[in-house]
Amino acid sequence: MAVGALGVPAAQAASNVVISQSAFGGPAGGNDEVVEIRNVSAAAVDISGWTLWGSNSAGTASARATVPASTTLPAGQTFVFANSAGSFTAAGDVLYGTGITNTGGIQIRNGATVVDAFGSPTAPAAYREGAGLAQPSSGAGGFARKNNGTQDTDDNVADFNGPLTPTPTKCGTTCSGTVGPAPCAAGPDGIVPITSIQTLGDNAACNGTTVKIRGVVTGIDDLYGSTYDAIYKADSGIWIQEPTIDPNATTSDALFVSGIRRNAANPAGVIGSDITITGRVETKFGQVGIVPAGVGNTSSPAAQEVDLTSVATINSTGNALPAPVTLDRTKSEAQGLSRAYYRSLQGMRVQLPEGIATGGGTTKFNDVFLEPGTTAQRLFRKNTVAADETPWYDKPAEIGIAPDGGAGNPADPRLPWKSTTQVNLDLFDIARNVVGPLSYTFSYYEIMPQLGGPTPTIERGPINAAAPPTAPAQPANTLRVASFNVENFFPVGKENDGHVITQPEYNARVDAIVHAIKDRLGAPDVVAMQEVAVFADGANALTGLAQALGNYTGYITTNNDGRGIATGFLVKDGTTATNGRLLGNTVNGPWASASVCDLYPGKLFDRAPYALDLKKGDLSFTALSNHFASQSHQTQCRIDEAAYVRDAAAALQQDGKNVLVAGDLNDFEFSTPLSTLTGSGILANLWNDVPAGQAYSYKFNGHLQTLDHMLVTAGMKSRLADVRYIHLDNDVYERVPTDGTGLSDHDPPLATFTLAQGASTSTTSPVSGNVPSTLALTLGVPAAFGNFVPAVGADYTASTVATATSTGADAALSVLDSSATATGRLVNGTFALNDPVQVNANNGAFAPLRTDNGPLTLMTWNIPISGTNVALGFKQHIGATEGLRTGSYSKTLTFTLSTTAP
């Protein structure tokens, strides 16, 4: 059961049964109601005669429905009450006819005892927990309990997500009958049936109990668990299954045994042994197992491995393994959020007849996720609350293939390793006959193929045929920019995850990144870099990379991150780079407590943006390389970081500069941090311009999603020729020797911008405004703002008309201020206004004149034009406290009509 990071356990339930979903109304009206309850304990609960009560805000209450006699709710299962006039009748175990008001609440009662309550803020206190949640009067009216229906802190606001459309799961015949024998009861021989230890819920039936079990070893997990700073030996071990499946059992007859040492020369030699073993029942990260004496605390790095012969009796060896259970695709797809079908097989030897990689290729952890069947359709993360709590909600049949069985027990699993049983798939490759124990880790079920066991057959698909992914050749007269998180790129002699980087390791990493930048990305002009380590003593991973590339210069400096991780740039020869600097690195976070953002107390950025002024041809801009706080931090951290970057971009644009914001923003295109970045209209997210179905940069447990973004201001957007993600990591498994794929866990976005070329013709037009001795403004010709009024904050406007003719195949109209004095601003002798003049065309968005003598593009055409009138607008902002000097403020502007195909 190797894991990459310690998980956070779900909150302990305050009672055995909780309200897991509810709706007091929905799209079909006020009677579109449903109430689902869940058994969150480790044992079945007799709910015969329990009642659903409803109350209005005045406290008038009555029983709405009663659970029939002889109804038992198994561990982890749900039971549903539905309004007979609503849309949930098919999902209801019991129907009722008297509705529940939106201002009221509900109770689940066992006799006179209130088991759980949920309601609105106006419901009586006994019909809600805490302040209660306001119930919508229309639309999706449901709420779902967090942590897959198990979190229970006795506070409705804290425990539920919504509003949303409920997805109740009917118990049906599963709830028939009475409570069976006590869990984990030993038979006459002292052996406890594994089926009585396993449940269909989130825990074993008797965690903490010491039991004796007997079964056949069906597989090994030959990989230690690890976090960034520790190794967990007890996460490896063996799988045991009873040799004969009990046809009457609804739970699994297999489990995991932690901390069993494998023979280094023949790790799979133990498979087929019939053993009797004693251990403490434990559920870790949702996987049920036992922990033999001597192993210790499996959640501690101090846990030890033990020899099998020291804790078990080996009754015989070389036994046939139980036949694998063939996974039923229909049951897999119909099992719902609880995934009770997979849960009923946890640890057992199973077979996936065929499955297709729909969420990317084999990951950097050497596992891969598939959908049963052969339908080639990418699986994307959804913009729903359920996608946070239960990312499998829309695809409960999704299943992984784990490589641990043939991992070879590397001493430090944080270093690169390969498994002889891993299945290397590219996106849309098909694997058939996948056989092994069904493990459970990181909330997902994965089959673990074994040494000496059946080997899956692979059918390669269209992504494999086109591999490796490569950017198209860069057109002439363009600027190309990429953003690349190269993931923990450290220099020689520095420690990463407890390991000091050696020269050969650094050289191999540099070689892989060089292949990625040159061969996969086509050597773009600018690469915004993230997760490159740099230190105050001068150690800098970017230096050697720039040297290996040969025609690039690195720009980076130490940052706030304690590990040395920083942001920076690689700039190719031919593009001018100046004024590299950090932005916001000394700004403190605005949070009142760590409950708002756990970067508190401290800096706003743990990895501040690195800014660089860049110029190629006629296009100049300021680029910001960003690495926002990770998803392990609260969303508010990234919201506030996004607000700072948005305001910085606005200030740069106000100074007449084009701006490009790129990097690993650690949030999705539909998230609040991204809407914060684009909220002012200053920055446009180029994600929206990526071809449909190709906009993703990351994968997590088989779901494609976007964490890496590129945003630009209007001047850059007008030059955009192409933008795409180069899927050098997500679509394909890592090739050996490397071809630049699989070296990171991020796909780089790549944008191409046009540069001016061809013929042009120019004319000039004065723009002026006048301030008389009375501090009033006078109108100039042909575009006059009128009188500028001192001590009054205002925007002044003026207009004129340009008439354009071009016989070229295309044309562009631009404007620039070519003067060296207060470029972009109106001047009056030695005095200049604070803000640049802003210009628009045909009532489009205003943009400030450039302050670097560069042109501002106003209009473009892709056909010849003749006598075309363009309405030009001018806007000048005057601040309320801005000092104005008597006289005329003016500037002569140059308008240029150009064509690339004269």
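Reading the values: the criteria
Residues numbered from 1 in each chain as written. Predicted model: local features only at pLDDT ≥ 70, side-chain atom pairs only at ≥ 80, totals over all residues. Heavy atoms only, no water. Helix = DSSP H or I, 4+ residues; strand = E, 2+ residues; numbered from the N terminus. Rg over C-alpha atoms; globule rule 2.2 N^0.38 Å. Buried < 20%, exposed > 50% of the residue type's maximum accessible area, 1.4 Å probe, protein only. Contact = heavy atoms within 4.5 Å. Areas by Shrake-Rupley, 256 points an atom, 1.4 Å probe, with all protein chains shown as cover. Lys, Arg positive; Asp, Glu negative; His and termini not counted. Charge placed at Lys NZ, Arg CZ, Asp CG, Glu CD. Disulfide = S-S within 2.5 Å. 1 Å grid on protein atoms, 1.4 Å probe; cavity = no way out; pocket = protein on both sides within 12 Å on 5 of 7 lines; lining within 4 Å. Points joined across faces, edges and corners; volume = space filled by probe spheres on them. pLDDT = per-residue confidence, 0-100. Salt bridge = Lys/Arg side-chain N within 4 Å of Asp/Glu carboxyl O. Pairing = 2+ DSSP bridges. Axes fitted to C-alpha atoms, helices over the stretch in contact; angles between N-to-C directions. Polar contact = N/O pair within 3.5 Å; in protein donor to acceptor, adjacent residues only side chain to side chain. Phe/Tyr/Trp six-rings, centres within 6.5 Å; stacked < 30°, edge-to-face > 60°. Core = buried A, V, L, I, M, F, W, Y, C linked by side-chain atoms within 4.5 Å.

**Focus on the overall build of the protein**
And step 1. When helices and strands are tallied, the protein shows 13 helices and 54 strands.
And step 2. A globule of 902 residues ought to have a C-alpha radius of gyration of about 29 Å, and the protein, at 33 Å, matches this closely.
And step 3. Taken over the C-alpha atoms alone, the protein extends approximately 105 × 75 × 50 Å along its principal axes.
And step 4. Classification of the 902 residues of the protein by burial places 57% in the buried group.
And step 5. In the protein, once contacts between residues fewer than 6 apart in sequence are set aside, the share between residues at least 24 apart is 71%.
And step 6. Accessible surface, the protein as shown: approximately 33,700 Å² in total, 52% of it carbon and sulfur.
And step 7. Each charge sign in the protein was given a centre, from 53 positive and 76 negative side chains, and these centres are 3 Å apart.

**Observations regarding the state of the cysteines**
And step 1. One pass over the full model with this rule turns up three disulfides.
And step 2. The disulfide bridge from Cys171 ends at Cys175, spanning 1.8 Å between sulfur atoms. One quick way to see it: the torsion about the S-S bond of Cys171 and Cys175 is about 90 degrees, and its sign makes the bridge right-handed. Across the pair, exposure class does not vary: Cys171 and Cys175 are buried alike.
And step 3. Here Cys184 connects covalently by a disulfide to Cys206, the sulfurs 1.6 Å from one another.

**So, empty space enclosed by the protein**
And step 1. This model, assessed by the stated rule, comprises five cavities of 30 Å³ or more.
And step 2. By volume, the largest cavity is sized at about 60 Å³.
And step 3. Lining the largest cavity are Gln653, Gly656, Lys657, Asn658, Thr713, Ala714, Gly715, Ala847, Pro848, Arg850 and Leu856.
And step 4. Going through the elements one at a time, helix H13 (714-717) and strand E51 (847-848) are the ones with two or more residues in the lining of the largest cavity.

**Points about the confidence of the model for the protein**
And step 1. Residues of the protein with pLDDT of at least 70 account for 95%, and the chain-wide mean is 91.
And step 2. Taken together, the stretch residues 1-14 has pLDDT below 50 and engages in 45 contacts with residues farther than four places along the chain or on a different chain.
And step 3. Note that residues 771-780 has pLDDT below 50 and, in this model, 34 contacts with residues that lie over four places away or in other chains.

**What about the pattern of salt bridges?**
And step 1. According to the stated counting rule, one finds 30 salt bridges in the structure shown.
And step 2. A salt bridge links Arg280 to Glu282; the nearest nitrogen and oxygen atoms lie 3.7 Å apart.
And step 3. Residue Arg280 is classed as partly exposed on the basis of its relative accessible area of 30%.
And step 4. With relative accessibility at 16%, the residue Glu282 sits in the buried group.
And step 5. Each of Asp116, Arg145, Asp152 and Asp159 takes part in one network of salt bridges that share partners.

**Let's talk about the sheet that holds strand E43 (residues 749-754)**
And step 1. Here six strands make up an open sheet; going across it, the order is E32-E33-E31-E28-E43-E42 and the pairing mixed. If you trace the sheet from one side to the other, it starts and ends with strand E32 (552-556) and strand E42 (720-725), each paired once. Mean inter-strand twist for the sheet, computed between neighbouring axes without regard to direction, equals 20 degrees.
And step 2. Sheet topology places strand E28 (residues 478-489) next to strand E31 (residues 526-533); six bridges connect them, and they run parallel. The partner of Ser483 across the bridge, within E31, is Ala528.
And step 3. Lying on the sheet, helix H9 (residues 503-520) is in contact with E28, E31, E32 and strand E33 (565-572); it crosses E28 at an angle near 155 degrees.
And step 4. Docked against the sheet, helix H10 (residues 541-549) engages E28, E31, E32 and E33, running at close to 165 degrees with respect to E32.

**Let's talk about unusual backbone geometry**
And step 1. A cis amide bond, omega 0 degrees, links Ala467 with the succeeding residue Pro468.
And step 2. Along the chain, Pro468 falls in the loop between helix H8 (462-466) and E28.
And step 3. A cis amide bond, omega -15 degrees, links Tyr600 with the succeeding residue Pro601.
And step 4. Inspection of the secondary structure puts Pro601 in the loop between strand E34 (576-582) and strand E35 (610-616).
And step 5. Here Asn148, not a glycine, exhibits a phi torsion of approximately 60 degrees, which is positive.
And step 6. For Asn148, a relative accessible area of 16% corresponds to the buried category.
And step 7. Despite not being glycine, Asn666 has its phi angle at roughly 55 degrees, a positive value.
And step 8. The residue Asn666 is located in the loop between strand E37 (659-664) and helix H12 (672-678) in this model.
And step 9. You can call Asn666 buried: its relative accessible area is 8%.

**Examining the environment of Phe831**
And step 1. Topologically, Phe831 is positioned in strand E49 (residues 831-832).
And step 2. When the C-alpha positions of Phe831 and Tyr889 are compared, they lie 8.5 Å apart, and in sequence the two are 58 residues distant.
And step 3. Aside from chain neighbours lying at most four places away, what touches Phe831 is Leu826, Arg885 and Tyr889.

**Things to note about the side chain of His627**
And step 1. For His627, the location among the structural elements is in strand E36 (residues 619-627).
And step 2. A polar atom in the side chain of His627 sits 3.1 Å from the side chain of Arg607.
And step 3. Engagement of the side chain of His627 in a polar contact is seen with the side chain of Asp664, the distance being 3.3 Å.
And step 4. Ignoring any residue separated from it by four or fewer positions in sequence, one finds His627 in contact with Asn485, Gln530, Glu531, Ile565, Thr567, Arg607, Asp664 and Asn666.

**Comments concerning the environment of Val80**
And step 1. In this fold, Val80 is placed in strand E7 (residues 78-83).
And step 2. Each C-alpha atom, one on Val80 and one on Gly172, is 9.2 Å from the other, the two residues being 92 residues apart in sequence.
And step 3. Beyond its immediate chain neighbours, meaning those up to four positions away, Val80 contacts Val34, Val35, Glu36, Ala91, Gly92, Asp93, Val94, Pro168, Thr169 and Lys170.

**Here we look at the sheet that holds E34**
Hydrogen bonding along the main chain pairs the strands of a sheet, whether they run parallel or antiparallel.
And step 1. Ordered in space as E34-E35-E36-E37-E41-E38, the six strands form an open sheet in which the pairing is mixed. Whereas interior strands pair on both sides, the edge strands pair on one side only; in this sheet they are E34 and strand E38 (684-685).

**Points about the packing of aromatic side chains**
And step 1. Under the counting rule described, the total for this entry stands at 18 aromatic pairs.
And step 2. Consider the rings of Phe118 and Phe143, whose centres lie 5.8 Å apart with planes at 50 degrees: the pair is tilted. Highlighted residues: Phe118 in strand E10 (residues 113-119) and Phe143 in strand E11 (residues 142-145), separated in sequence by 25 residues. Here Phe118 and Phe143 have matching classes, each one buried.

**Thoughts on the pairing of E11**
And step 1. Side chains Gly142 and Ala144 project from E11 onto one buried face, and the interleaved Phe143 and Arg145 project onto a second face that is buried too.
And step 2. In terms of strand pairing, strand E1 (residues 17-23) meets E11 through three bridges, oriented antiparallel. Bridged to Ser22 within E11 is Phe143.
And step 3. Bridge count between E11 and strand E12 (residues 160-164): three bridges; the pairing is antiparallel. Each residue of the ladder has a partner; that of Ala144, found in E12, is Asn161.

**Some words on the nonpolar core**
And step 1. By size, the foremost hydrophobic cluster in this structure holds 37 residues, and its most contacted members are Phe484, Phe489, Ile517, Met529, Val532, Leu545 and Leu570.
And step 2. Broken down by secondary-structure element, the contributors of at least two residues to this core are E28, H9, E31, H10, E32 and E33.
And step 3. If you tally residues by element for this core, the top one is H9, at seven residues.
And step 4. With residues near it in sequence (within four places) discarded, Phe484 still touches Ala516, Ile517, Leu521, Val527, Ala528, Met529, Gln530, Leu728, Leu743, Ser744, His746 and Pro748.
And step 5. In this structure, Ile197, Leu255, Ile271 and Val281 belong to the second largest nonpolar core, which totals 32 residues.

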